[in-house]
Amino acid sequence: MSIQHHSNQSYPNQQPPAQQPPAHGAPDAHGAPPAHGGPPRRESPAYHRQFASQPNHRWFSPILTVVLAAVFYGVAVFVQFACFFIWALVTVDGAEFNAVADRFFDFNSVAGVVFGLVNVILMWPAVELATLCVYRRWSSSMISIGRGIRWGRLGRYLLFSVPVWVVCALVMVLFTDGTMGGLTSGVVWNGHVVGMLIALLLLVPFQAAAEEVTFRGLAMNVIGSWLRHPAWAVLIPVPLFVFGHVYDLPGLIDVGVFAVIVGTLTIITGGLEAGIAFHVVNNLFAFVLGVLSGADLNATSAPTVEVIMSIAAPIVFAGIVILDARRRGGRGEPETPRPRGDAAPAIDAEATRA
């Protein structure tokens, strides 16, 4: 595509000379080679700068988004608890009320799993509504740069995650002397175990995605709206994510490593798909292995081998994702490149296929 030169020069006695388009492959009037391959590439913001790139963005817009998200989430949680109490008052007599209430806060029960996971899932619609109110677009439309979720990538990253966790789970089962090692002696199947597995399989994907949308999607874009360097957007939200989990010190270190890695992958890949995929698989393996082994899902500590494997798994996964990004880039199917400064190329060939 040539660049047409427009001039204000007049020709009093003759018509201006006709401008012939340059031949295919020839330089334009300025000596620059022609562009090929369609329209010029647009520049889109780096992942953590999507809020700042919105036309109606103001300095206070991220603060307003966070406040509204907190309000919407508070209302949703209030409704959740209100529905529980109304149901309990109608169906349970006073003598059994406390016992039923305890089950709703016990992750070793089906009611506790459903209640606890739904409580986390409610963060997602709260973030969606807040973003819509402030920026006039759904938060899910910013799961990746300038578009929604890229299903092809999500599926590929799920495939990367599963074998990583299969290996880690085998190590934990074979080398742990605690409850996890009980899997080698057989699993007791009953209605409780089946109910727990069904609840986990149905809810964990949404619970994991809700955490990524909130602690990576929202938090990183809030920080990125004021601080341009992606490191700030990755690191500042980490304490919020860590202290949202009730574990001992090794467990909190594990969660912190996880948060840094998936945040970094979000910047590298230009979207939340890698974090969502690994978070889903991570939580499913953790919960399902716990149920099958008869472990206490309310526990705040774990054997050393399990902690080591839980830290190693996201590191290995990150290496696979980065290698995959480089391989596809070498084949002319570039992943969203790591942003430098404020912008990154918007055209992503693979995303148009996914």
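We now turn to the structure provided with this report. The model shown is predicted, which means the values in this text are computed figures rather than measured ones.

A closer look at the overall build of the chain
For step 1, the next point in the chain: Of the regular secondary structure elements, the chain holds 12 helices and two strands.
For step 2, the next point in the chain: Walking the chain from its N terminus toward its C terminus, one meets helices and strands in the order β-α-α-α-α-α-α-α-α-α-α-α-β-α.
For step 3, the next point in the chain: Counting every position in the chain, which comprises 354 residues, the buried fraction comes to 45%.
For step 4, the next point in the chain: A sequence separation of at least 24 residues applies to 78% of the contacts in the chain between residues at least 6 apart.
For step 5, the next point in the chain: Carbon and sulfur atoms provide 68% of the accessible area of the chain, an area that totals close to 18600 Å².

Notes on the environment of Leu-265
For step 1, the next point in the chain: With respect to the helices and strands, the residue Leu-265 is situated in helix H9 (residues 249–269).
For step 2, the next point in the chain: Along the chain, Leu-265 and Val-234 lie 31 residues apart, while their C-alpha atoms are 9.5 Å from each other.

With respect to helix H4 (residues 123–135)
For step 1, the next point in the chain: Over its 13 residues, H4 extends 18 Å from the first C-alpha to the last, a length consistent with the 18 Å expected when each residue adds 1.5 Å.
For step 2, the next point in the chain: All of the buried residues in H4 are Met-123, Ala-126, Val-127, Glu-128, Ala-130, Thr-131, Val-134 and Tyr-135.
For step 3, the next point in the chain: Buried-residue contacts for H4 involve helix H1 (61–91), helix H3 (110–121) and helix H6 (191–224).
For step 4, the next point in the chain: One or two positions beyond H4, positive phi appears at Arg-136, with a value near 60°.

Side note on unusual backbone geometry
For step 1, the next point in the chain: One non-glycine residue, Arg-136, lies in the positive phi region at around 60°.
For step 2, the next point in the chain: Taking the relative accessible area as the measure of exposure, Arg-136 reaches 64% and is therefore exposed.

Let's talk about the nonpolar core
For step 1, the next point in the chain: By size, the foremost hydrophobic cluster in this structure holds 65 residues, and its most contacted members are Leu-117 and Phe-317.
For step 2, the next point in the chain: Within the residue set of this core, elements represented by two or more residues are H3, H4, helix H5 (151–175), H6, helix H8 (238–242), H9, helix H10 (273–293) and helix H11 (304–330).
For step 3, the next point in the chain: Considering each element in turn, this core owes the most residues, 13 residues, to H6.
For step 4, the next point in the chain: If we ignore the near neighbours within four places in the chain, the residues touching Leu-117 are Phe-107, Leu-200, Leu-203, Val-204, Gln-207 and Phe-287.
For step 5, the next point in the chain: Residues Phe-84, Ala-88, Phe-97 and Ala-101 belong to the second largest nonpolar core, which totals eight residues.

Some remarks on the packing of H5 against H10
For step 1, the next point in the chain: At a minimum axis distance of 8 Å, the contact between H5 and H10 shows a crossing angle of 35°. Along this stretch, H5 crosses H10, giving a crossing that reads as right-handed. Across the interface between the two elements, Arg-153, Leu-154, Tyr-157, Leu-158, Ser-161, Val-162, Trp-165, Val-166, Ala-169 and Met-172 of H5 pack against Glu-273, Ala-274, Ile-276, Ala-277, Phe-278, Val-281, Asn-282, Phe-285 and Leu-289 of H10.
For step 2, the next point in the chain: Within the contact of H5 with H10, the residues separate by chemical class into 15 nonpolar, two polar and two charged.

Re the environment of Gly-275
For step 1, the next point in the chain: Here Gly-275 shows up in helix H10.
For step 2, the next point in the chain: For the pair Gly-275 and Ala-318, spaced 43 residues apart in sequence, the C-alpha to C-alpha distance is 9.7 Å.
For step 3, the next point in the chain: Dropping the residues within four chain positions of it, Gly-275 is found in contact with Glu-212 and Val-262.

Re the pattern of salt bridges
For step 1, the next point in the chain: Counted according to the given criterion, the structure contains five salt bridges.
For step 2, the next point in the chain: We note a salt bridge from Glu-212 to Arg-216, for which the minimum N-O separation is 2.6 Å. One end of the pair, Glu-212, and the other, Arg-216, are both in helix H6, four residues apart, so they sit about a helical turn from each other. Taken individually, Glu-212 and Arg-216 each receive the classification buried, so the pair is uniform in this respect.
For step 3, the next point in the chain: Close ionic contact of Arg-327 with Asp-324 constitutes a salt bridge, the shortest N to O distance being 3.2 Å. Highlighted residues: Arg-327 and Asp-324, both in helix H11, separated by three residues, approximately one helical turn.

A word on H10
Each full turn of the α-helix corresponds to 3.6 residues, which orients residues three or four apart in the same direction.
For step 1, the next point in the chain: An ideal rise of 1.5 Å per residue puts 30 Å on 21 residues; H10 measures up with 30 Å between its terminal C-alpha atoms.
For step 2, the next point in the chain: With respect to burial, H10 is a largely interior element, 18 of its 21 residues being buried.
For step 3, the next point in the chain: Just downstream of H10, Gly-294 is the residue with a positive phi angle, here 75°.

Quick word on the environment of Thr-269
For step 1, the next point in the chain: Inspection of the secondary structure puts Thr-269 in helix H9.
For step 2, the next point in the chain: Overall, Thr-269 belongs to the buried group, its relative accessible area being 0%.
For step 3, the next point in the chain: In sequence terms Thr-269 and Ile-145 are 124 residues apart; their C-alpha atoms lie 9.3 Å from each other.

What to know about the side chain of His-279
For step 1, the next point in the chain: Position of His-279 among the secondary structure elements: in helix H10.
For step 2, the next point in the chain: For His-279, a relative accessible area of 3% gives the class buried.
For step 3, the next point in the chain: When residues no more than four places from it in sequence are discounted, the contact partners of His-279 are Gln-207, Ala-208, Glu-211, Glu-212, Arg-216, Phe-241 and Phe-258.

Side note on the packing of H1 against H3
For step 1, the next point in the chain: Closest axis-to-axis distance for the H1/H3 pair is 10 Å, and the angle between their directions is 160°. Taken together, the axes of H1 and H3 lie roughly antiparallel to each other. Relative to H3, H1 is oriented so that their crossing is right-handed. Residue-level inspection shows Tyr-73, Val-77, Gln-80, Phe-81 and Phe-84 of H1 in contact with H3, the latter providing Phe-115, Val-118 and Asn-119.
For step 2, the next point in the chain: In terms of residue class, the contact of H1 with H3 is made up of six nonpolar, two polar and no charged.

So, how was this worked out
- Residues numbered from 1 in each chain as written.
- Predicted model: local features only at pLDDT ≥ 70, side-chain atom pairs only at ≥ 80, totals over all residues.
- Heavy atoms only, no water.
- Helix = DSSP H or I, 4+ residues; strand = E, 2+ residues; numbered from the N terminus.
- Buried < 20%, exposed > 50% of the residue type's maximum accessible area, 1.4 Å probe, protein only.
- Contact = heavy atoms within 4.5 Å.
- Areas by Shrake-Rupley, 256 points an atom, 1.4 Å probe, with all protein chains shown as cover.
- Expected span 1.5 Å × (residues − 1).
- Core = buried A, V, L, I, M, F, W, Y, C linked by side-chain atoms within 4.5 Å.
- Axes fitted to C-alpha atoms, helices over the stretch in contact; angles between N-to-C directions.
- Left-handed = near helix turned anticlockwise from the far one by under 90°.
- Nonpolar A, V, L, I, M, F, W, Y, C, P; charged D, E, K, R; others polar.
- Salt bridge = Lys/Arg side-chain N within 4 Å of Asp/Glu carboxyl O.
- Parallel < 35°, antiparallel > 145°, perpendicular 65-115°, else oblique.

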